[in-house]
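One letter stands for each residue in the lines below.
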Amino acid sequence: MNERDLNQGRPSRISDAANDSAIEAVTTFSGNKALMLDEPLIFELGSSETCGVDIDVMEPVESRLGGLERNKPIGLAGLSESETVRHYTRLSRQNYAIDLGLFPLGSCTMKHNPRLNEKMARVAGFSDIHPMQPVSTVQGALELIDELAHWLKTLTGMPAVAMSPKAGAHGELCGILAIRAALEARGDAREVILVPESAHGTNPATAAFAGYRVEEIPATEGGRVDVDALAARLGPDVAGVMITNPNTCGLFEPDMRKISDLVHAAGGLVYCDGANFNAIVGRVRPGDLGIDAMHINLHKTFSTPHGGGGPGSGPVVLSEALAPYAPLPYVTKSDDFFHLIEEEQSLSDDSDTFGRMTAFHGQMGMFTRALSYIMSHGADGLKQVSEDAVLNANYILRSMDDLLDAPFGHSGPCMHEALFSDKGLADGFSTIDVSKGLIDEGYHPMTMYFPLVVHGAMLVEPTETESKHALDNFIGSFRNVVTKAKEGDMSLLSAPHFAPRARLDETAAARKPILVWNEPETAEAAE
Ligand SMILES: *Cc1c(COP(=O)(O)O)cnc(C)c1O
């Protein structure tokens, strides 16, 4: 048992002199202080000698595990119900959440989730049903999927949508498998997918996972796809391109239509990463840009919690060329009855599905939340969503660009996220120090060192759900930290000072994680 105060979970880490003086030096804070509690592991709290519940000793039962049963106790801590609840509640308070504060992670679109959505998702008719129920008993749920599909097709100007992919990257795989199926069906299997530098990291990963060779297309000075370089590389071996739009520099690709025409003329197909559709929804229809497949992250564009808050959902809209290859299952309607098509129909059917991506129809809870968000805004309201998201990002861009280098700030407004570089920080200070300083200001750090095309990138996405007041608070903290990094304030190098754990060795944490708790004696013996 270690000596930490186990009863109250009070912070006890701030002890060594160096840290004390650093804290003294940190005098100007403008934000709230999150993450104040330290909390031992549950194994350190309780003892395996005790049991938290009263259960009569049971008669031994004959094992049916065929030799796979445990042969010794695993040392679970015996805690009472209230101790257990308190432990996990205290732990949950160490978690930064969108309900605690602004979440500036660029590209992640962490936005407020209206409570109405939660209420809808909890309606018993949606939450208490099971995918294996007879379809006649879940007509409402299938209608909801069909209605959401209709909205997605309308908003994107695309003729078809595959609803089942369970997140953005899964949607990418769906789109690329559809492209592969379409090319193979015309007897023209190709080998290469072109991915620009400004694409999201999941794009090349998806293409490689689907068996394609990935070739990179450079970005221009202005942070966009180099169209000439792309045109020069197109040829009979290129299956398609994957373009993130708006791209990870927070910029719209204005040449999208031209790129699509070039790719189609060379016999390829166009995948668009539309995870951040929130920046253009209601204003641009990807179907008008010649796109063949695009996933939409419902969990970014149409609220619905994600990250630690819940699962994602990544429906993929498809062009005429790809629609026949859409995955199973899908919902159709005939004679006022909704069907869930589970297998390929008759030979006369024009469906040529590439198969199945998930066991069932997709993320019902996320469909419900997304449709609730869509219907409560309506088409005009959704246009305002994207306008406000872009306005908020530009407010941050222009409130910071006198202090921080904004590499593409001169080329006009950004889309939904503002991108800065580490140029101008004092010698020995870098993006990581700004991130750690933000923790002491009570904020989750922004996305850092991504996109790779910008040195020491800081990518900030406020989303449309933040008020001007909330943005001003964040900007105040961000400016405070950046000023310290520019002036060479040494206390920043050991930030965070107000989190339960100070500066961690991030490399060791990633490369040598300790995932198993050992009793202290065992750990010492092993040393
Ligand atoms: C978030 C994101 C993805 C991946 O989405 P997941 O749901 O996390 O799989 C892909 N591309 C872009 C541009 C994104 O922002």
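Residues numbered from 1 in each chain as written. Predicted model: local features only at pLDDT ≥ 70, side-chain atom pairs only at ≥ 80, totals over all residues. Heavy atoms only, no water.

Section: the overall build of the chain
Counting secondary structure elements, the chain contains 16 helices and 12 strands. In terms of C-alpha radius of gyration, the chain reaches 26 Å, essentially the compact-globule figure of 24 Å for 527 residues. Its C-alpha atoms give the chain principal-axis dimensions of about 70 × 70 × 45 Å. In the chain, which comprises 527 residues, the proportion classed as buried is 48%. In the chain, 73% of the contacts between residues at least 6 apart in sequence involve partners at least 24 apart. Of the accessible surface of the chain, which amounts to about 25600 Å², a share of 54% is contributed by carbon and sulfur atoms. Of the side chains in the chain, 42 bear a positive and 72 a negative charge, and the two mean positions are spaced by 3 Å. (Helix = DSSP H or I, 4+ residues; strand = E, 2+ residues; numbered from the N terminus. Rg over C-alpha atoms; globule rule 2.2 N^0.38 Å. Buried < 20%, exposed > 50% of the residue type's maximum accessible area, 1.4 Å probe, protein only. Contact = heavy atoms within 4.5 Å. Areas by Shrake-Rupley, 256 points an atom, 1.4 Å probe, with all protein chains shown as cover. Lys, Arg positive; Asp, Glu negative; His and termini not counted. Charge placed at Lys NZ, Arg CZ, Asp CG, Glu CD.)

A short note on the pairing of strand β3 (residues 213-217)
Where strand β2 (residues 192-196) and β3 come together, 5 bridges link them in parallel fashion. Each residue of the ladder has a partner; that of V192, found in β3, is R213. In terms of handedness, the path from β2 via helix α8 (residues 202-209) over to β3 forms a crossover that is right-handed. (Pairing = 2+ DSSP bridges. Right-handed = clockwise from strand over helix to strand, strands pointing away.)

Digging into the nonpolar core
Ranked by size, the top nonpolar core spans 52 residues in total, and within it L148, F302 and L382 carry the most contacts. In contact with L148, other than residues within four places in its own chain, are M163, L298, F367, A370, L371 and I374. Of all hydrophobic cores here, the second largest spans 33 residues; its members include F420, L438, M446 and I475. (Core = buried A, V, L, I, M, F, W, Y, C linked by side-chain atoms within 4.5 Å.)

Regarding the site of the ligand
The ligand sits among 14 residues. The nearest are S107, G168, D273, H299 and K300. Residue H200 places a side-chain N or O atom 3.3 Å away from a nitrogen atom belonging to the ligand. Contacts to the ligand include K300, whose side-chain N or O atom sits 2.7 Å from an oxygen atom. Starting from 380 Å² of accessible surface for the ligand in isolation, the protein chains cover 84%. Sorting the residues of the shell around the ligand by element identifies α7 (168-185) and α11 (298-301) as the ones contributing at least two each. Looking at the shell around the ligand, the element that brings in the most residues is α7, giving 3 residues. Each residue belonging to the shell around the ligand can be placed in one class, and the counts come to 3 nonpolar, 8 polar and 3 charged. (Near = heavy atom within 4 Å. Polar contact = N/O pair within 3.5 Å; in protein donor to acceptor, adjacent residues only side chain to side chain. Nonpolar A, V, L, I, M, F, W, Y, C, P; charged D, E, K, R; others polar.)

Topic: the packing of aromatic side chains
According to the stated counting rule, one finds 5 aromatic pairs in the structure shown. Between F420 and F478, the ring centres sit 6.1 Å apart and the planes meet at 75°, which makes this aromatic pair edge-to-face. Linking F420 in strand β10 (residues 418-420) with F478 in helix α14 (residues 468-487), this pair joins segments that are 58 residues apart in sequence. Classification of F478 by relative accessible area gives buried; the value is 0%. Each ring, one from Y443 and one from F474, has its centre 5.1 Å from the other, and the planes form 85°; the classification is edge-to-face. (Phe/Tyr/Trp six-rings, centres within 6.5 Å; stacked < 30°, edge-to-face > 60°.)

What about the environment of S260?
Structurally, the position occupied by S260 is in helix α10 (residues 256-265). S260 gets classed as buried once you look at its relative accessible area, which sits at 0%. Here the alpha-carbon distance between S260 and Y271, two residues 11 residues apart in the chain, equals 9.3 Å. Setting aside residues up to four positions removed in sequence, S260 forms contacts with V270, L289, G290 and I291.

Section: the domain arrangement of the chain
By the assigned domains, the chain splits into domain 1 (117-372) and domain 2 (389-501). Centre-to-centre separation of domain 1 and domain 2, based on C-alpha positions: 32 Å. Listed as interface residues are 19 residues of domain 1 and, on the opposing side, 15 residues of domain 2. Per-residue buried area on domain 1 facing domain 2 is highest for T248, C249 and G250; these three make up 34% of the total on that side. Summed over the shared surface of domain 1 and domain 2, the number is 2 residue pairs in polar contact (both at pLDDT 80 or more). (Domains from an automatic or database assignment. Buried area = accessible area lost by both parts, 1.4 Å probe.)

Notes on the sheet that holds β3
Strand order across the open sheet formed by 7 strands is β1-β7-β6-β5-β4-β2-β3, with mixed pairing between neighbours. With partners counted over all chains shown, the strands left at the sheet margins are β1 (160-162) and β3, one partner each. Strand-to-strand, the axes of this sheet are offset by a mean angle of 25°, without reference to chain direction. As paired elements, strand β6 (residues 293-296) and strand β7 (residues 316-318) share 3 bridges and run antiparallel to each other. Residue pairing for β7: H295 is matched across the bridge by V316. Strand contacts of helix α6 (residues 139-156): β1, β6 and β7, with the helix running at about 125° to β1, the strand carrying the most contacts. Those strands touched by α7 are β1, β2, β4 (238-244), β5 (269-274), β6 and β7, and its axis lies near 175° from that of β5. (Axes fitted to C-alpha atoms, helices over the stretch in contact; angles between N-to-C directions.)

Observations concerning the side chain of S198
Tracing the backbone shows S198 in the loop between β2 and α8. S198 sits in the buried class, given a relative accessible area of 2%.

Quick look at the packing of helix α13 (residues 431-440) against α14
When two helices pack together, their arrangement is given by the angle between their axes and by how far apart the axes lie. Where α13 contacts α14, the axes come no closer than 9 Å and their chain directions differ by 135°. By the angle class used here, α13 and α14 are oblique. Crossing angle aside, the handedness with which α13 passes α14 is right-handed. Two secondary-structure elements touch here, α13 through D433, V434, G437 and L438 and α14 through F474, S477, F478, V481, V482 and A485. Classifying every residue of the contact of α13 with α14 gives 7 nonpolar, 2 polar and 1 charged. (Parallel < 35°, antiparallel > 145°, perpendicular 65-115°, else oblique. Left-handed = near helix turned anticlockwise from the far one by under 90°.)

Some thoughts on the packing of α7 against α8
The N-to-C vectors of α7 and α8 enclose an angle of 45°; their axes lie 9 Å apart at closest approach. In this view, α7 runs oblique relative to α8, as classed from their interaxial angle. Crossing handedness for the pair α7 and α8: right-handed. Residue-level inspection shows A169, E172, L173 and I176 of α7 in contact with α8, the latter providing T202, N203, T206 and F209.

What to know about the confidence of the model for the chain
Chain-level pLDDT for the chain is 89 on average; 91% of the residues reach the 70-or-more range. Across residues 1-18, confidence stays below pLDDT 50; counting only partners more than four residues off in sequence or on other chains, it has 33 contacts. Low pLDDT, under 50, characterises residues 30-35; the stretch is placed with 20 contacts to residues that sit more than four places away or in other chains. (pLDDT = per-residue confidence, 0-100.)

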